Structure formats: C-alpha cells, structure tokens
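Structural description and commentary
Okay, here's what each chain looks like letter by letter:
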4 protein chains.
Amino acid sequence: MQAELTISQAIQQMLKTHPYPNTLPFDELTWCVENCISCASTCTACADACLAEEMVQQLIQCIRTNLDCADICEATGHILMRQTKPDERLIFHQVEACQTACRTCAAICEQHAEMHEHCRVCAKACRQCEQACDKLLATFSL
Amino acid sequence: MQAELTISQAIQQMLKTHPYPNTLPFDELTWCVENCISCASTCTACADACLAEEMVQQLIQCIRTNLDCADICEATGHILMRQTKPDERLIFHQVEACQTACRTCAAICEQHAEMHEHCRVCAKACRQCEQACDKLLATFSL
Amino acid sequence: MQAELTISQAIQQMLKTHPYPNTLPFDELTWCVENCISCASTCTACADACLAEEMVQQLIQCIRTNLDCADICEATGHILMRQTKPDERLIFHQVEACQTACRTCAAICEQHAEMHEHCRVCAKACRQCEQACDKLLATFSL
Amino acid sequence: MQAELTISQAIQQMLKTHPYPNTLPFDELTWCVENCISCASTCTACADACLAEEMVQQLIQCIRTNLDCADICEATGHILMRQTKPDERLIFHQVEACQTACRTCAAICEQHAEMHEHCRVCAKACRQCEQACDKLLATFSL
C-alpha cells in the first residue's frame, strides 16, 4: 500500500519537481505557500464558525475580515505556487497585500480568542502567515 | 415575463441595496468591481485560448500572467463587493496589487494583440481594470 | 476615445475569439457563463449584505448558502470559459452541481425577498442561473 | 516559543472547535477537506509545471484539466469546511462533481507520470482525493 501524501508533502514535492529552478529561496517560498493555504482554509472555517455563534452580531467584523483574508491568501498561495516566468513586482505587491490582510485579521480574531477557540486558532494561523510573508518579502531584491 | 438581469445590473443593484451606506464613492466603486470581475473572466479565458494556439511555447509567460491576474482580480472583486465593516488599509493594498497585476498582464497581452484577437480583448480588459483601480485608489483618504 | 468594454461583451468576445471551435452551442454556453459569473458576484454581495442586517441571526442559513453558491458558480464559470480539450463528463457533473446550488440558494433567498431587497435581487440571479444551467445541460449528448 | 501550526492541524482544529456538531462523520469529513485542499494546490502547481516543459504542446489537455480540477477541489474544500446549516443535497452533488474531476485529472496525469515527476505527484494527490470523496459520499443518507 502506498503511503499517504500529506498537504505539506504534496506542496513541497510540487515546488521541488518543477522544471524551472525556484526564483525565490526554497524554504521561505515553501513556508509562505503552506501558510497562505493554511490561513485561507482557517479563515474560511472561522467565518463559518463565527456565523454559528449565538453572539454573531458582535462577530460581523470578524466574519467580514475572515472572508477578505481567505480570498487574499488563496490568490497569493496560487501565485506563489507558480514558478514559470514570474513577475517579481506583481508577486511582491500581492505578498504585501497578503501580509496586511493577515495582520488585520489576526488583530480582530485575537480580540475574541479567549471566548472562541476557533478565533484563537485562526489568529495563530494569521500571525504565522503574516510572518511567513514578512520573511519572503525580505528575500526580494526589488 | 420578467426582464433578464445582466451582470452589470446585478452588481449595481447589490451595491445599492446593501443596508450600510457605501464607504467608497458609488461610481468609482461599482466601476472597479465590474472591471475586476470582467478582467478575471477575460484572463481566465485568455490563458485557455493561448493554450490552444499552435505557438503556445511563445505564450507561456502570457498564460502564467493571465492566471495570476485572474486570481488577483477575483479576490479584489470579492473584497470590493463587501461593504460591511471594511478595513480601509487592507482594501487599499489589495487594489494596489490588483492595479500592478492588470498593468503587467496588459503589457504582455499587448505584445500579442495583433496576432491573437483574444490577447487584444484581454489587454483592453486589463487596461480598463488598471484605470478603474487607479480611480478608486484616488478616492482613498489614507 | 475607445468605447468601454462591458462584462457581457468581454465574455462574449473571449468565447468567440478562441482558436478552437466551441464544443457546446454558443448561445447556451455564453448565457450560462454570464449567469455563473453574475450569480457568484450576487451571492458574495448578498452574504455580506445579510451580515449587515440587524436580524442577522435569522439569516445565517442564507449567508452560508450564499457562500456555497458563490464558490460553486465561480468554479463552474471558470470551467465553462475554457474551451481547450474539454472533458464532457467533468463539465456535465459540475454544471449539475451548480444547478442544485442555485436552486437551493434561490429558495432560501426567496423567503427573505419581501423583507430584504438584496435577497430579492439575489434570488432572481440564482433562478436565472439555475435555468441557464438547465438549458446548457439539455445540450449535452452524454 | 509557540509550536508551529501545520495545515493539517489547522484544518482539524477548526473542524473540531466549530460551535455546531459535525453533521458528517469527523474522520471522513476531515480527510476529504484535507485532500480537496491538497489536490487544489497540487493541480495549480502541476498546470504551471507542465507549462514550463519543453513538450508543453503535448501537455495542454493535462494543463486544462489541472485547472478545472483545481477550481472544483477548491470550491468543494470551502463547502466542506462550513458546518453551519448545511444543505445535504448541495454538498452531495458538489462532492460527486469533485470525485469526477479528480478521477479525470488523475487518469490524464498518470499518462505522463513516468516522464514528469510533477504529474506523478499530482496523479497521486488526485487519486487520494477521489478516494476521500468516495468515502465521504458513502456516509450520506440521501
């Protein structure tokens, strides 16, 4: 029987088996891709979990920001997965926007982290993605 | 029989019937949303049309940039459709990234515009979206 | 000055300028693509508008279904925009899933249509997309 | 220092901390969500890697199907992440469409698996997702 393929393994193997050499440093790139995908999923789930809370009325900013952050992380993850003929400026600006979104969403989720376990997990995923964006941005030579 | 609802009408009616007042000026906002959605679709279709060209090998940068631009425009369109508790800084950075993507993609499609009709249409959609982003960014007070 | 390009025009021109002949009838295909894109945007906006309503607690099923329908319509729209080497069975099943999502979302939005103008518009967009899927499915020879 | 949060952990924690009880069995649900996300990323990357191959002309069906499969898996992953007021029929049809897409994409990638390492990894991710959909569909009572 074949061993199972985890998400992290799948992403790393895909980035490694690309016919072109990576234009960005492998570790920073891979970590940022993984965190974009993780954060997109977490924010999608947190928006939905907030919606199910009795106090949903107090969570509408959190839901809205979760949805924005999910959209941005997903787009950023896609772009970073691609290694064919990249445009450095386009990528840089999108990763910057992603960092802003993650920072904003983390700050909002952190306000509810003690009350709602899902906001605690989501805040952690957002902060980790914010930092991964930061590390990747530092490798650009723009 | 009910009159048909076009995409533009649907978008405008949704932005008008939102319970909150628009935080961004209606005309610039609506025009930017429509162009993000239009550009996302056009880039998705242009990537696919390039793939079907005999000279696909010369179009791989165009395809890759089309896919990036589609992802970014789609995310930006979603975010601009939302009017509940917006975060001005998050939106500003994403619209900036969108403008960069549209400018980059337009420049590449324009190189093939005389040869491939789909690149000509796509370049036009990208330039129009770039300008719509520019007009919307000018309304921010950041 | 160049005339502006509307979303409908952009989509139609892209479907017309593809190097391959359409495998699905042009009118049914174009109408379905336009409606998928329109419905995706409308549902994204309706989820956000519901979130801003005072009675948000009674609208959580509507919000959730809007988000599902938006995701499905967007994926379906992408797939139908592509005309290179299509897989008929894959497309058929996705359009069927899209029809189900639109029917479900329309039924829920219709319950709030008299109270919330955005749900009325969204219900209309969903019904129109449901019918567009139906007409396109009827052209398949599977 | 806080331990890092992997994608799998993030997804599992989000599904566990939702205020509503899961309507689908936890193991099958989680496995399917993880595989949808993994397969969406893998297909996005495989489309891009194929684009960079010298023999891109022979890979255009693979690229097109990768893009379709990525769109469908992403939408399906989003829907399965949500646990608030689910519509069983909508979910069932989307997971069915996802299974079809994964089966189709796996079969095409398998044809190139010996020649292109990225197609081998992608085929594996697609097959694993196809099976995860199958197991989840078996738990429905429709």
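Structure's up top.
Presented here is a report on the structure given in the accompanying data block. (Residues numbered from 1 in each chain as written. Chains lettered and ligands numbered in written order. Predicted model: local features only at pLDDT ≥ 70, side-chain atom pairs only at ≥ 80, totals over all residues. Heavy atoms only, no water.)

**Things to note about the relation of the copies chain A and chain D**
Aligned on chain D, chain A shows an RMSD of 0.0 Å; the corresponding rotation is 180° and the shift along the axis is 0.0 Å. The transformation just described matches what one would write down for a two-fold rotation axis. Across chain A, the rotation axis passes nearest the C-alpha of A:Ile7, at a separation of 3.5 Å. The residues that chain A uses at the interface reappear at the interface of chain D in 100% of cases, marking a shared surface. (Least-squares fit on C-alpha atoms with pLDDT ≥ 70 in both. Contact = heavy atoms within 4.5 Å.)

**Side note on the nonpolar core**
Residues A:Leu80, B:Leu80, C:Leu80 and D:Leu80 are the most contacted members of the largest nonpolar core, which totals 228 residues. Residue contacts for B:Leu80: discarding those within four places in its chain leaves B:Leu15, B:Leu24, B:Leu29, B:Cys32, B:Val33, B:Cys36, B:Ile91, B:Val95 and B:Leu136. (Core = buried A, V, L, I, M, F, W, Y, C linked by side-chain atoms within 4.5 Å. Buried < 20%, exposed > 50% of the residue type's maximum accessible area, 1.4 Å probe, protein only.)

**Section: the interface of chain B and chain D**
If you look at the interface, chain B gives ten residues, while chain D gives ten residues. For the pair chain B and chain D, the summed buried surface comes to about 840 Å²; carbon and sulfur atoms form 67% of the total. In terms of surface lost to chain D, no three residues of chain B exceed B:Leu51, B:Gln57 and B:Ile60, which account for 53% of the buried area on that side. The interface formed by chain B and chain D contains zero salt bridges. Connecting chain B to chain D are two residue pairs in polar contact (both at pLDDT 80 or more). Contributing elements (two or more residues each) for the side of chain B that touches chain D: α2 (26–51) and α3 (60–81) of chain B. Per element, the largest residue contribution to the side of chain B that touches chain D is four residues, and it comes from α3(B). In the side of chain B that touches chain D, the residues fall into five nonpolar, one polar and four charged. (Buried area = accessible area lost by both parts, 1.4 Å probe. Salt bridge = Lys/Arg side-chain N within 4 Å of Asp/Glu carboxyl O. Polar contact = N/O pair within 3.5 Å; in protein donor to acceptor, adjacent residues only side chain to side chain. Helix = DSSP H or I, 4+ residues; strand = E, 2+ residues; numbered from the N terminus. Nonpolar A, V, L, I, M, F, W, Y, C, P; charged D, E, K, R; others polar.)

**With respect to the interface of chain A and chain D**
Listed per partner, the contact involves 41 residues of chain A and 41 residues of chain D. Regarding the contact of chain A and chain D, the summed buried area is about 3800 Å², with carbon and sulfur atoms giving 65% of it. Connecting chain A to chain D are zero salt bridges. Taken together, the connections running from chain A to chain D amount to ten residue pairs in polar contact (both at pLDDT 80 or more). Among the elements of the structure, α1 (7–16), α2 (26–51), α3 (60–81) and α5 (117–137) of chain A are those that each provide at least two residues to the side of chain A that touches chain D. Its residues assigned to classes, the side of chain A that touches chain D comprises 19 nonpolar, 14 polar and eight charged.

By themselves, these observations are geometric and do not establish any function.
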